[in-house]
Amino acid sequence: MATLAVALALSMAAEAVEFSDSDLVTEESAWALYEEWIACHRVARDSTEKMRRFHIFKKNPRLVREFHVLDYT
């Protein structure tokens, strides 16, 4: 049972949504990226929670990019 849980966790961790800077330019493109992330991770939220989380989500790709730029320079 524990082996199955570990296997599931690893397979979920391997899923990623690829994005580029152009995905973050407009609200519409950021929303499309968020929708893709929701579908990839099978997340269900009501519209109020979805909007609240979207504002948080928008900041994360930028932070990831900044981290990787700093990490590799």
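Here the structure is shown first, and the text comes after it.
Residues numbered from 1 in each chain as written. Predicted model: local features only at pLDDT ≥ 70, side-chain atom pairs only at ≥ 80, totals over all residues. Heavy atoms only, no water.

Q: Sorry, what's going on with the overall build of the chain here?
A: A count of helical and extended segments in the chain gives three helices and zero strands. Here the chain holds 73 residues, and 16% of them are scored as buried. When the accessible surface of the chain is summed, it comes to about 5,800 Å², and 64% of that surface belongs to carbon and sulfur atoms. (Helix = DSSP H or I, 4+ residues; strand = E, 2+ residues; numbered from the N terminus. Buried < 20%, exposed > 50% of the residue type's maximum accessible area, 1.4 Å probe, protein only. Areas by Shrake-Rupley, 256 points an atom, 1.4 Å probe, with all protein chains shown as cover.)

Q: So what exactly am I meant to see when it comes to the environment of proline 61 here?
A: Take proline 61: it is sitting in helix α3 (residues 47-71). Between the C-alpha atoms of proline 61 and serine 20, which are 41 residues apart in sequence, the distance is 9.1 Å. Discounting residues that sit within four places of it in the chain, proline 61 has contacts with Phe19, Leu24 and Leu33. (Contact = heavy atoms within 4.5 Å.)

Q: Explain the pattern of salt bridges here, please?
A: Side-chain pairs of opposite charge can arise where the charged atoms are in close proximity. Inspection of the entire model under this criterion finds four salt bridges. Residue lysine 58 pairs with glutamate 27 through a salt bridge whose shortest N-O separation is 2.8 Å. Highlighted residues: lysine 58 in helix α3 and glutamate 27 in helix α2 (residues 27-41), separated in sequence by 31 residues. With a relative accessible area of 15%, lysine 58 lands in the buried category. (Salt bridge = Lys/Arg side-chain N within 4 Å of Asp/Glu carboxyl O.)

Distances and angles like these do not, on their own, reveal function.
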